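Residue strings, one per chain:
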Amino acid sequence: MEKTPERTDDRTGVTTPSVPADRVVYVMPEEALRARAGDEIDLLRAGQILWQGKWLIIGITALFAVASVAYALSLDRWYK
């Protein structure tokens, strides 16, 4: 029987058989496959949610912009 070449991971020091990529098979439990399907982010839905709350986002941004300008103008001019 032919001996499979081994490789050592530099980070962990673990030695594993070196297998060609076309011979590698990944096995994942069915529960994990179902869980991964639910992990996807729906960018269209996220965009719709942001668009629905656009006035709230604009309002909060404007409020903090005005507050930061007012604060900056109220500071002493120490650079003179």
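Residues numbered from 1 in each chain as written. Predicted model: local features only at pLDDT ≥ 70, side-chain atom pairs only at ≥ 80, totals over all residues. Heavy atoms only, no water.

**Student:** What am I meant to see in the overall build of the protein chain here?
**Tutor:** The number of helices and strands found in the protein chain is 3 helices and 2 strands. Listing every helix and strand of the protein chain by position from the N terminus yields β-β-α-α-α. For the protein chain, the residues scored as buried account for 0% of the 80 residues in total. Accessible surface, the protein chain as shown: approximately 8300 Å² in total, 62% of it carbon and sulfur. (Helix = DSSP H or I, 4+ residues; strand = E, 2+ residues; numbered from the N terminus. Buried < 20%, exposed > 50% of the residue type's maximum accessible area, 1.4 Å probe, protein only. Areas by Shrake-Rupley, 256 points an atom, 1.4 Å probe, with all protein chains shown as cover.)

**Student:** Mind showing me how you'd approach a nonpolar patch on the surface here?
**Tutor:** A surface patch of nonpolar side chains, amounting to about 460 Å² of accessible area, comprises Leu56, Ile60, Leu63 and Phe64. Within the secondary structure layout, Phe64 lies in helix H3 (residues 54-74). (Patch = residues over 30% accessible without salt bridge, like charges linked within 9 Å, V, L, I, M, F, W, Y side chains within 5 Å. Salt bridge = Lys/Arg side-chain N within 4 Å of Asp/Glu carboxyl O.)

**Student:** What should I look at first to understand helix H2 (residues 43-52) in this one?
**Tutor:** Residue pairs spaced three or four apart in an α-helix point in one direction, given the helix's 3.6 residues per turn. Within H2, only 0 of the 10 residues are buried, which leaves the element largely exposed. At the N-terminal boundary of H2, the capping side chain belongs to Asp42, with an oxygen 3.3 Å from the backbone nitrogen of Leu44. (Polar contact = N/O pair within 3.5 Å; in protein donor to acceptor, adjacent residues only side chain to side chain.)

**Student:** Could you clarify how one ought to interpret the confidence of the model for the protein chain in this entry?
**Tutor:** Close inspection of predicted coordinates is inappropriate in any region flagged by low pLDDT. Considering every residue of the protein chain, the mean pLDDT works out to 80; 71% of them sit at 70 or more. Here helix H1 (residues 30-37) stands out as the least confident element of the protein chain, with mean pLDDT 67; H3 is the most confident, with 96. (pLDDT = per-residue confidence, 0-100.)

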